[in-house]
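The residues making up each chain are set out below.
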Amino acid sequence: MITFKCSKCGHEYRVADEYAGKKARCKSCENVNLIPAALGKPVQSAKSPGNGDSVAAYNNLLQELLKQEKTAPSVEMDSK
């Protein structure tokens, strides 16, 4: 089991190891969180090289983050 807290409100969740690397929306505050890897089990994306070049791995990770940023829900901030 993976235990993690919402990065916004701190609500604690426990999920099965199979959800490592996936996104989950917090039921308390609606924040989208990335579920961390289970302890001792690194998450490997199908697109990332296993033991390959670190520059290529960095570039692949950067491309994945850019894709996620484009599809992330917008957040409205209250101005005071």
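The structure we're discussing is the one just above.
Reading the values: rules and limits
- Numbering of residues begins from 1 in every chain and follows the order in which that chain's sequence is written.
- Local features in a predicted model are, by the rule used here, given only for residues with pLDDT of at least 70; side-chain atom pairs are given and counted only at 80 or more, and totals for whole chains, interfaces and linings are based on all residues.
- Hydrogens and water molecules were not included; the side-chain quantities draw on all heavy atoms of the structure.
- Strands are runs of DSSP state E lasting at least two residues, helices are runs of H or I lasting at least four, and both sets are numbered from the N terminus onward.
- A 1.4 Å probe rolled over the protein chains alone gives each residue an accessible area, and that area as a share of the maximum for its type sets the label: buried under 20%, exposed over 50%, partly exposed in between.
- By the convention used here, residues are in contact when the closest approach between their heavy atoms is within 4.5 Å.
- Accessible areas in this description were obtained via Shrake-Rupley with a 1.4 Å probe; residue shielding takes into account the shown protein chains only.
- By salt bridge we mean one thing: a side-chain nitrogen of Lys or Arg within 4 Å of a carboxyl oxygen of Asp or Glu.

Student: What is the right way to look at the overall build of the protein chain in this model?
Tutor: Helix and strand counts for the protein chain come out as one helix and four strands. Counting across all 80 residues of the protein chain, residues that qualify as buried make up 14%. Taking all contacts inside the protein chain whose residues are at least 6 apart in sequence as the whole, residues at least 24 apart take part in 21%. Entry remark: accessible area of the protein chain is about 6800 Å², with carbon and sulfur atoms responsible for 53%.

Student: So what exactly am I meant to see when it comes to the pattern of salt bridges here?
Tutor: A side chain with one charge can pair with a side chain of the opposite charge if their charged atoms come near. According to the stated counting rule, one finds one salt bridge in the structure shown. K67 serves as the salt-bridge partner of E64, at 3.5 Å between the closest nitrogen and oxygen. Pair noted here: E64 and K67 are both in helix α1 (residues 54–71), with a separation of three residues, about one helical turn. Residue E64 is classed as partly exposed on the basis of its relative accessible area, which comes to 24%. Given the relative accessible area of 41%, K67 is considered partly exposed.

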